[in-house]
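The lines below spell out each chain.
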Amino acid sequence: MISASEALQKLKEGNQRFVAGVRRVDTFAEELRKSALIQEQAPLAIILGCSDARVPAEIIFDQGLGDLFVIRVAGNIVAPSQIGSIEFATEKFGTPLVVVLGHSRCGAVIATLDDLEHPANNQSSNVLSIVNRIRPTIEPLYKTALREQPEALLEASIRANILASTNQLRHGTQKLEQLVEQGKLKIIGAEYSLATGIVDFFDDI
């Protein structure tokens with residue numbers, strides 16, 4: 001079974017290939033892998049990422065069929081369904097690494113900052129459920145001097161939101177917390193740059 005360190009290295013190498021504009025040779029042989037994946041899968045990492053169309057995990061990490069277990073939701077927030085999906089993958093497949101993947105110019109974070117600046121009375125309750133999960137993390141930043149520096153505030157808020165989701169997964173569920181304590185699972189945060197294509201991993205293993 002692959003280790004968390006090995007899985008992280010594969011993600012880093014894949015992102016380097018993506019940034020360089022090259023692809024792993026065997027990603028072109030995906031048709032040959034389809035039959036082998038019908039009965040089972042062994043994803044090397046679980047990615048909790050944002051739904052943003054510009055951040056498809058399999059592409060930015062140059063991975064193929066069966067390599068990643070991807071969960072996408074606006075703002076890479078943590079809710080019961082996301083936790084359940086992660087618990088399922090760790091239990092069913094023994095996947096050793098979870099990456100909470102945020103990105104620059106995150107629309108969900110921008111929407112939350114906008115709501116702090118100009119609260120909307122007609123906001124969709126479903127959208128508001130996302131905003132309300134992000135708000136407690138970034139509202140303290142909004143109340144600092146960063147409020148006068150919109151770009152710096154946005155970047156700090158994006159990073160804080162990623163770290164909050166990472167921390168919630170590490171400590172918000174007994175099953176995942178036990179796996180982390182036993183050394184069977186690593187949960188880290190990362191941010192993708194829309195401008196450069198580079199993924200900045202916040203934690204090293």
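All residue numbers refer to positions counted from 1 along the written sequence of the respective chain. Local features in this predicted model are restricted to residues whose pLDDT is 70 or higher, and side-chain atom pairs enter the listing and the counts only when it is 80 or higher, whereas totals over whole chains, interfaces and linings include all residues. As a rule here, side-chain values come from all non-hydrogen atoms in the structure, and water together with hydrogens is ignored.

**A few points about the overall build of the protein chain**
Item 1. Within the protein chain one finds 8 helices and 5 strands.
Item 2. Whereas a compact globule of 205 residues would reach a radius of gyration of roughly 17 Å, the protein chain reaches 18 Å, a difference of no more than 12%.
Item 3. Expressed as lengths along the three principal axes of its C-alpha atoms, the size of the protein chain is roughly 50 × 40 × 30 Å.
Item 4. For the protein chain, with 205 residues in total, the buried portion stands at 44%.
Item 5. By sequence separation, contacts in the protein chain at least 24 residues apart represent 71% of the contacts at least 6 residues apart.
Item 6. Across the protein chain, the centroid of the 20 positively charged side chains sits 2 Å from that of the 25 negatively charged ones. Each helix corresponds to a stretch of at least 4 residues labelled H or I by DSSP, and each strand to a stretch of at least 2 residues labelled E; elements are numbered beginning at the N terminus. Only the C-alpha atoms count toward the radius of gyration. The rule for a globule is 2.2 Å times the residue count to the power 0.38. Each residue is assigned to one of three classes by its accessible area relative to the maximum for its type, calculated with a 1.4 Å probe on protein chains only: buried under 20%, partly exposed between the two thresholds, exposed over 50%. Two residues form a contact once any of their heavy atoms are found within 4.5 Å. In this tally, Lys and Arg are treated as positive and Asp and Glu as negative; His is ignored, and so are the chain termini. Charged groups are reduced to one reference atom each: NZ for lysine, CZ for arginine, CG for aspartic acid, CD for glutamic acid.

**Notes on helix α4 (residues 80-93)**
Item 1. Take the residue count of a helix, subtract one, and multiply by 1.5 Å to get its expected span. Taking 1.5 Å as the rise per residue, α4 with 14 residues should run 20 Å; its terminal C-alpha atoms sit 20 Å apart, in good agreement.
Item 2. Those residues of α4 that sit buried are Q82, I83, I86, E87, A89, T90 and F93.
Item 3. Tucked inside the fold, the buried residues of α4 contact β1 (45-49), β2 (68-72), β3 (97-103), α7 (150-171) and α8 (174-181).
Item 4. G94 occupies a position one or two residues after α4 and carries a positive phi of about 70 degrees.

**Digging into the packing of aromatic side chains**
Item 1. In this analysis, rings of Phe, Tyr and Trp, with Trp reduced to its six-membered ring, are considered paired at centre separations within 6.5 Å, and the interplanar angle assigns stacked below 30 degrees, edge-to-face beyond 60, and tilted for intermediate values. In the structure shown here, the tally under the stated rule is 5 aromatic pairs.
Item 2. Taking the centre distance of 6.5 Å and the plane angle of 45 degrees together, the rings of F18 and Y192 count as tilted. One end of the pair, F18, is in helix α1 (residues 4-20); the other, Y192, is in strand β4 (residues 186-192), and 174 residues separate them in sequence.
Item 3. Assessed through its relative accessible area of 29%, F18 is described here as partly exposed.

**Comments concerning the sheet that holds β4**
Item 1. What makes two strands pair is DSSP finding at least two bridges between them. The 5 strands are arranged β2-β1-β3-β4-β5 in an open sheet whose pairing can be described as mixed. In this open sheet, the two strands that pair with only one neighbour each are β2 and β5 (199-201). This sheet shows a mean twist of 25 degrees between the axes of neighbouring strands, independent of strand direction.
Item 2. Lines fitted to C-alpha atoms define the axes here, with helix axes fitted over just the stretch in contact, and angles between the N-to-C directions of these axes take values from 0 to 180 degrees. Across the sheet, α7 is in contact with β1, β3, β4 and β5; its angle to β4 comes to roughly 165 degrees.

**Focus: the pattern of salt bridges**
Two side chains that carry opposite charge are able to pair once their charged atoms sit near each other.
Item 1. By salt bridge we mean one thing: a side-chain nitrogen of Lys or Arg within 4 Å of a carboxyl oxygen of Asp or Glu. Scanning the model with the defined rule gives 9 salt bridges in all.
Item 2. A salt bridge links R135 to D115; the nearest nitrogen and oxygen atoms lie 2.6 Å apart. Of the two residues, R135 is situated in helix α6 (residues 125-142) and D115 in helix α5 (residues 107-117); the sequence distance between them amounts to 20 residues.
Item 3. Owing to a relative accessible area of 8%, D115 belongs among the buried residues under this scheme.
Item 4. Residues R147 and E117 are paired through a salt bridge, measuring 3.7 Å at the closest nitrogen-oxygen approach. Residue R147 is located in the loop between α6 and α7, and its partner E117 is located in helix α5; the two are separated by 30 residues in the primary sequence.
Item 5. What you see here is one network of salt bridges that share partners, running through R17, R23 and D62.

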